[in-house]
Structure formats: structure tokens, C-alpha cells
Amino acid sequence: MSSEKKQFALLEVAKHNSSSSCWTVIHNKVYDVTKFLNEHPGGEEVLLEQAGKFSTGAFEDVGHSTDARDMLKDYYIGDVVEADRENDKSSEPVNSQSNCVVA
């Protein structure tokens, strides 16, 4: 038996964007949150808005509790393939690499 984690292309994740199959990506890890839709404290609409795509920014912006972060492991199904991974620097501002000055 292999202990290797399942890998998903972003195109595959994108197919799971409905209440019947809701996947999302947080820190390049893929989560099937379909069974959690009705339990999410912010309502299922919040999760459905992030379904089938990267949602690290939205997840971190909310300021989830330690308990919420611990719950993620229950819905973890694999990782995004290397070629599709987002630059996961959630501690940096999104535009930190640009030459723009924000006034």
C-alpha cells in the first residue's frame, strides 16, 4: 500500500463546484467539503463561492479558529499537482512582488 498523497490538477478540482460535489484548495491542499456545506457557520454559500478553486486568501482573511483549522484534516483528499500550485505566501500581501506603491 502506498502512503503517497493523491495529486489533483486544478482542472479536476474546478469540476467540483456545486453543492453535490464541493472541493476547494487551501494552501495547495485539496479538500472535499461537500458534507460540511450544511454545517458551515457562515452558511453553505460561502463555501460554494470558493468551490473548485484556490481559496487560501478567503480562508485566511476570515481569521478561522484553531478548531476550524483542525477540522480541515477531516476533509483533506490530496494536494494540487506541482505545476498548478499557487505561490503560497499567505503572510505576505498579495501585491508584495509588484512595483506598485499603495498610498
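**Student:** Run through unusual backbone geometry, naming residues and quoting values.
**Tutor:** One non-glycine residue with positive phi stands out, namely His27, at about 50°. In this structure, His27 sits in the loop between β3 (21-26) and β4 (29-32). Its relative accessible area of 26% is what places His27 among the partly exposed residues. Non-glycine residue Asn28 carries a positive phi angle of around 65°. For Asn28, the location among the structural elements is in the loop between β3 and β4.

**Student:** Just give me the short version of the nonpolar core, but keep the residues and values in it.
**Tutor:** Counting 11 residues, the largest nonpolar core is built from Cys22, Ile26, Tyr31, Val33, Phe36, Leu37, Leu47, Ala51, Phe59, Leu72 and Tyr75. Sequence-distant contacts of Phe59, defined by excluding residues within four places in its chain, comprise Ile26, His64, Arg69 and Leu72. By size, the runner-up hydrophobic cluster in this structure holds six residues, among which are Phe8, Val13, Val30 and Val80.

What counts as what
Residues numbered from 1 in each chain as written. Predicted model: local features only at pLDDT ≥ 70, side-chain atom pairs only at ≥ 80, totals over all residues. Heavy atoms only, no water. Helix = DSSP H or I, 4+ residues; strand = E, 2+ residues; numbered from the N terminus. Buried < 20%, exposed > 50% of the residue type's maximum accessible area, 1.4 Å probe, protein only. Core = buried A, V, L, I, M, F, W, Y, C linked by side-chain atoms within 4.5 Å. Contact = heavy atoms within 4.5 Å.

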